[in-house]
Amino acid sequence: MKQHYSIFTLARNAVSYHEKWTEAWRSPDPKPSYDVVIVGGGGHGLATAYYLAKEHGITNVAVIEKGWLGGGNTGRNTTIVRSNYLWDESAHLYEHALKLWEGLSQDLNYNVMFSQRGLLSTAHTVHDMQALRRRVYAIQLNGIDSEILTREQVAEYCPILDCSPTARYPVFGASLQRRGGVARHDAVAWGYARGADARGVDIIQNCEVTGFKIENGKITGLETTRGSIGAKKVGVVVAGHCGVLAGMAGFRLPIESHPLQAMVSEPIKPVLDCVVMSGQVHVYVSQSDKGELVFGAGIDSFNSYSQYGSPPVVENMLNALTELFPIFSRLRFLRQWGGIVDTCPDASPIIGKTPVENLFFNCGWGTGGFKATPGSGHVFAHTIATGEPHKLAAPFALERFTTGYLIDEHGAAGVAH
Ligand code: FAD
Ligand code: PYC
């Protein structure tokens, strides 16, 4: 049901300490069973539920989240959105997502603050520049916008980036995806949640999945901290915990879990109106609408389920940031955090069927799945609804680790993975 707010409603709600606000989604108790249960209330899980209802008319659906919506990587990431991937399979999947981003606020009737401010990936050696050219030409062959900038063009595009030839890691040039940018991460989770709820999906928070019920190789339900729930089909979208959930279902995934950290600075006036990534110096940064610099770098090299990360990574990140942007050297930093990312050996996701009938997994997005959120949900909903992989998801099946048809996107990650 649509809620219409007038200035009077806003004023009344403000003085009632927000008690009269209509909830954006319900908080129902779990039903005894559902046609589809999605495990994981991050952006990917919520988007899957939304598209199941919207595109496939499947509304007897629950999203089960052990914490709160968007409390995982969805609410912890640096929100960079782009589709400049090397291999055809990835380019098509991420471009599908980018096209959905371009209409998402309208589709959800919820402002996800998608800002296509342009994304620069800098090159700092001759070899870096050659690799970047190869990538840009491959991307262009897929009909996706991508261009090469010279050092002078980079200096003009992003004047605060140190492009002097005497810099320790001089900028040789950059690739630019003008349609790349950032979005408001929480809003993506909330927008999909509200849209799914409005179509009848039950969103159940503070409910942890602790086991699966499997009979004759087929899923029949789940065990949760709020009791057993029956399910004809289950989609698992739990990012850094996918190895744990696969273990509950009796199989293993070729996944490692690592912390990935990010930081924000104190808010300052607008100084950076694009996203800058440097795989070589190893940092990426954008400025939020509040004025904070939002930045991060590579994963912590050890495996862990900690959402903190280690201090040397922070130090490297800050060194890299000030190397590229000496102007930021006197900034104060407000906070740091980590998320648990699920990395595959080929740095590409796993989407599709598992050894258990009607149990589907969508994981392995590693350091780069936020940008995929709408596309991932869209193709995963199709896969669950029809029982067959969406054509864009088919190359990302788990079987590729036995067929050897890997999709090596290490270079596209922008950060070490
Ligand atoms: P999540 O948002 O993590 O959702 C999974 C949910 O599953 C969680 O809410 C969790 O609580 C729940 N869950 C886990 N176990 C259970 C259980 N047993 N029962 C019920 N629920 C469970 N990607 C980009 O594209 N651009 C970026 O700039 C970017 N920056 C990043 C920066 C950082 C610091 C991090 C950590 C990640 C970054 N990423 C980025 C990656 C991106 O955040 C993730 O790939 C993406 O958000 C994953 O979304 P998700 O919905 O699959 O996972
Ligand atoms: O995949 O674009 C990306 C990214 C940026 C920061 C972390 N991941």
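One can find the structure itself at the top, above this paragraph.
Before going into details, it helps to say that this report is about the structure given with it. The numbers attached to residues start from 1 for each chain and follow its sequence in the written order. As a convention, the first chain written is A and the first ligand written is 1, with the rest following in written order. With pLDDT at 70 or above as the cut-off, local features in this predicted model cover only qualifying residues; side-chain atom pairs require 80 or more to be listed or tallied, and sums for whole chains, interfaces and linings still use all residues. Side-chain metrics in this entry use all non-hydrogen atoms of the structure; hydrogen atoms and water are not considered.

## Here we look at the overall build of the protein
Numbering goes from the N terminus for both helices and strands, where a helix is a DSSP run of H or I of at least four residues and a strand is a run of E of at least two. Looking only at helices and strands, the protein has 10 helices and 18 strands in total. For the radius of gyration, the atoms used are the C-alpha atoms, and the globule rule reads 2.2 Å times the number of residues raised to 0.38. Here the C-alpha radius of gyration of the protein, 22 Å, is about what a compact globule of 417 residues would show, namely 22 Å. Structurally, the protein occupies a C-alpha span of about 65 × 60 × 40 Å along its principal axes. Within the protein, the fraction of its 417 residues that count as buried is 56%. Contacts are residue-level and defined by heavy atoms, with any inter-residue pair within 4.5 Å sufficient. Contacts spanning at least 24 positions in sequence make up 75% of the contacts within the protein whose residues lie at least 6 apart. Accessible area of the protein: about 18,200 Å², with a carbon and sulfur share of 53%. Think of it in three bands: residues with accessible area under 20% of the maximum for their type are buried, residues over 50% are exposed, and the middle band is partly exposed, with areas taken using a 1.4 Å probe on protein chains only. Where accessible areas are quoted, they stem from the Shrake-Rupley method and a 1.4 Å probe; at the residue level, only the protein chains shown are allowed to cover.

## Things to note about the site of ligand 1
In this text, near means that some heavy atom of the residue lies within 4 Å of the molecule or strand in question. Neighbouring ligand 1 are 37 residues; Glu-65, Asn-73, Thr-74, Thr-78 and Lys-371 lie closest to it. N or O atoms closer than or at 3.5 Å make up a polar contact, with two conditions inside protein: a donor-capable atom paired with an acceptor-capable one, and, for residues adjacent in sequence, both atoms drawn from side chains. Taking Asn-73, its main chain carries an N or O atom lying 2.8 Å from an oxygen atom of ligand 1. Backbone polar atom of Phe-370 to an oxygen atom of ligand 1: 3.0 Å apart, as the coordinates give it. Considered on its own, ligand 1 offers 1,000 Å² of accessible surface; in the complex 96% of this is hidden by protein.

## Details of the sheet that holds strand β5 (residues 147-150)
In short, DSSP must find at least two bridges between two strands for them to pair. Across the sheet, which stays open at both edges, the eight strands sit in the order β5-β6-β4-β13-β14-β15-β12-β16 with mixed pairing between neighbours. Single-partner strands in this sheet number two, and they are β5 and β16 (333-343). Averaged over neighbouring strand pairs, the angle between their axes works out to 25° when direction is ignored. Sheet analysis places strand β14 (residues 283-287) next to strand β15 (residues 293-299), joined by four bridges and oriented antiparallel. Each bridged residue has a counterpart across the sheet, and for Gln-287 the counterpart in β15 is Leu-293. Orientation is described by axes fitted as lines to C-alpha atoms, over the contacting stretch for helices, and by angles from 0 to 180 degrees between their N-to-C directions. Sheet strands touched by helix α4 (residues 126-141): β4 (119-123), β5 and β6 (173-177). Its angle to β5, the strand with the most contacts, is close to 150°.

## A look at the site of ligand 2
Close to ligand 2 lie nine residues; Arg-82, Tyr-284, Thr-367, Gly-368 and Lys-371 are nearest. In this structure, an oxygen atom belonging to ligand 2 sits 2.7 Å away from a side-chain N or O atom of Arg-82. Lys-371 is positioned such that a nitrogen or oxygen atom in its side chain is 2.5 Å from an oxygen atom of ligand 2. Burial of ligand 2 by the surrounding chains reaches 95%, relative to a free accessible area of 240 Å². Of the residues that constitute the shell around ligand 2, the class distribution is four nonpolar, three polar and two charged. Just so you know the grouping, Ala, Val, Leu, Ile, Met, Phe, Trp, Tyr, Cys and Pro go in nonpolar, Asp, Glu, Lys and Arg go in charged, and all remaining residues, Gly too, go in polar.

## Considering the environment of Arg-134
For Arg-134, the location among the structural elements is in helix α4. Residues Arg-134 and Thr-402 lie 268 residues apart in sequence; the distance between their C-alpha atoms is 29 Å. Look past the residues within four positions of Arg-134 in its chain and what remains in contact with it is Leu-86 and Trp-87.

## Focus: the pattern of salt bridges
Salt bridge criterion: a side-chain nitrogen from Lys or Arg within 4 Å of a carboxyl oxygen from Asp or Glu. Counting across every chain of the model gives 19 salt bridges. The closest approach of N and O atoms between Lys-54 and Glu-55, which form a salt bridge, is 3.6 Å. When its relative accessible area of 35% is taken as the criterion, Lys-54 is described as partly exposed. Assessed through its relative accessible area of 42%, Glu-55 is described here as partly exposed.

## Thoughts on the nonpolar core
Within this scheme, the nonpolar core is defined by two criteria: the residues are buried Ala, Val, Leu, Ile, Met, Phe, Trp, Tyr or Cys, and they are joined through side-chain atoms within 4.5 Å. Trp-101 and Tyr-192 are the most contacted members of the largest nonpolar core, which has 48 residues in total. Those elements giving two or more residues to this core turn out to be β1 (33-39), α2 (43-56), β2 (61-64), α3 (88-108), α6 (185-198) and α9 (373-386). Broken down by element, the residue count for this core peaks at seven residues, all from α2. Once residues lying within four places of it in the same chain are set aside, the contact partners of Trp-101 are Val-81, Val-112, Phe-114, Ala-183, Val-188, Phe-370, Lys-371, Thr-373 and Pro-374. Within the second largest apolar cluster, 30 residues are counted, among which are Cys-207, Ala-231, Ala-246 and Ile-255.

## Side note on α4
Multiplying one less than the number of residues by 1.5 Å gives the expected span of a helix. With 16 residues, α4 ought to run about 22 Å at 1.5 Å a step, and its terminal C-alpha atoms sit 23 Å apart, in line with that. All of the buried residues in α4 are Asp-128, Met-129, Leu-132, Arg-135, Val-136, Ala-138 and Ile-139. Buried residues belonging to α4 abut β4, β5 and β6. Directly after α4, the chain includes Gly-143, whose backbone phi takes a positive value near 75°.

## Things to note about the packing of aromatic side chains
Here is the rule: rings of Phe, Tyr and Trp (six-membered ring for Trp) pair when centre to centre is within 6.5 Å. Planes less than 30 degrees apart are stacked, more than 60 are edge-to-face, and the remainder are tilted. The full count for this structure, using the stated rule, is 10 aromatic pairs. Taking the centre distance of 5.4 Å and the plane angle of 65° together, the rings of Tyr-50 and Tyr-192 count as edge-to-face. With Tyr-50 in helix α2 and Tyr-192 in helix α6, the pair connects residues that are 142 residues apart, well separated along the chain. On the accessibility criterion, Tyr-50 (1% relative accessible area) is buried. Through pairs of rings, three or more aromatic residues link up here, namely Tyr-50, Tyr-51 and Tyr-192.

## Observations concerning unusual backbone geometry
What you tend to see is this: most non-glycine residues have negative phi, and most peptide bonds are trans. With a phi angle near 60°, Thr-79 is a residue other than glycine that sits in the positive phi range. Mapped onto the fold, Thr-79 is located in the loop between β2 and β3 (80-81). The residue Asn-109 is not glycine, and still its phi comes out positive at about 50°. Along the chain, Asn-109 turns up in the loop between α3 and β4. Note on Asn-109: relative accessible area 47%, which makes it partly exposed.

## So, helix α8 (residues 311-324)
Compared with an ideal rise of 1.5 Å per residue, which puts 14 residues at 20 Å, α8 spans 20 Å between its outermost C-alpha atoms and is within 8% of the ideal. Turning to α8, the residues buried within the fold contact β12 (256-265), β13 (275-278), β14, β15 and β16.

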